[in-house]
Amino acid sequence: MRITLDRSSPEPLSEQLSAAIAERIRRGSLAPGGRLPTVRTLAEDLELAPNTVAKAYRALEDQGLIVGRGRRGTFVTDRLPKGFTGRELALGEAADAFVRRGKQLGFGAEEMRRALDRATRGR
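Reading guide: rules and limits
Residues numbered from 1 in each chain as written. Predicted model: local features only at pLDDT ≥ 70, side-chain atom pairs only at ≥ 80, totals over all residues. Heavy atoms only, no water. Helix = DSSP H or I, 4+ residues; strand = E, 2+ residues; numbered from the N terminus. Buried < 20%, exposed > 50% of the residue type's maximum accessible area, 1.4 Å probe, protein only. Contact = heavy atoms within 4.5 Å. Lys, Arg positive; Asp, Glu negative; His and termini not counted. Charge placed at Lys NZ, Arg CZ, Asp CG, Glu CD. Salt bridge = Lys/Arg side-chain N within 4 Å of Asp/Glu carboxyl O.

*Asks:* Teacher, can you tell me more about the overall build of the protein chain here?
*Replies:* Along the protein chain, the regular secondary structure elements total 5 helices and 3 strands. Secondary structure elements of the protein chain occur, N-terminal to C-terminal, as α-β-α-α-β-β-α-α. Overall, the C-alpha framework of the protein chain stretches about 55 × 35 × 20 Å when taken along its three principal axes. Going through the 123 residues of the protein chain one by one, you find that 27% of them count as buried. Sequence-distant contacts in the protein chain: of pairs separated by 6 or more residues, those separated by 24 or more amount to 50%. The average position of the 23 basic charges and that of the 16 acidic charges among the side chains of the protein chain differ by 6 Å.

This is the structure we're talking about:
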C-alpha cells in the first residue's frame, strides 16, 4: 500500500494514515473483504511506530470501515456503513475525468454538456 504522509503537518500521523486508508476504501481501491497489511508491516513500510498504525486501525474500526479478525488479520468490512459508499465521490471523479478529456480534445463547456446529455439519453 503506497501512502504518503506529511511529517511536517500539525495533523497527527495516525490521523493522516486513517484518512488515507479511508479514502482508498471510499474510492474502491481497497475492496470490501480486502486484507490490510499487518500493523508491523505497514509500520515498517511507512517508517512509523507500530502504535501509530495501531491507532489508525482502531480509528478505522470505530468508523466501521475495517474489522480485525484476530490472527487472520485486518480486513476492509464487507459492507460499508450507510452514507459511505462513495457513489457521489466516484461520480465526481468520473465527471472530472470527462471534463479534462473534453478540454484536451478542444471542446468547450456547452459542447461537453450536449455530449453528456446525449450519453444519458443512451445515444
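*Asks:* Got a minute to help me understand the pattern of salt bridges in this structure?
*Replies:* Opposite charge on two side chains makes pairing possible when the charged atoms of those side chains draw close. Scanning all chains against the criterion turns up 3 salt bridges. The partner of Arg 69 in a salt bridge is Asp 78, and the shortest N-O contact between them spans 3.9 Å. The shortest N-O distance in the salt bridge between Arg 113 and Glu 110 comes to 3.2 Å. Here Arg 113 pairs with Glu 110, and both are found in helix H5 (residues 109–120), just 3 residues apart, close to one helical turn. Overall, Glu 110 belongs to the partly exposed group, its relative accessible area being 44%.

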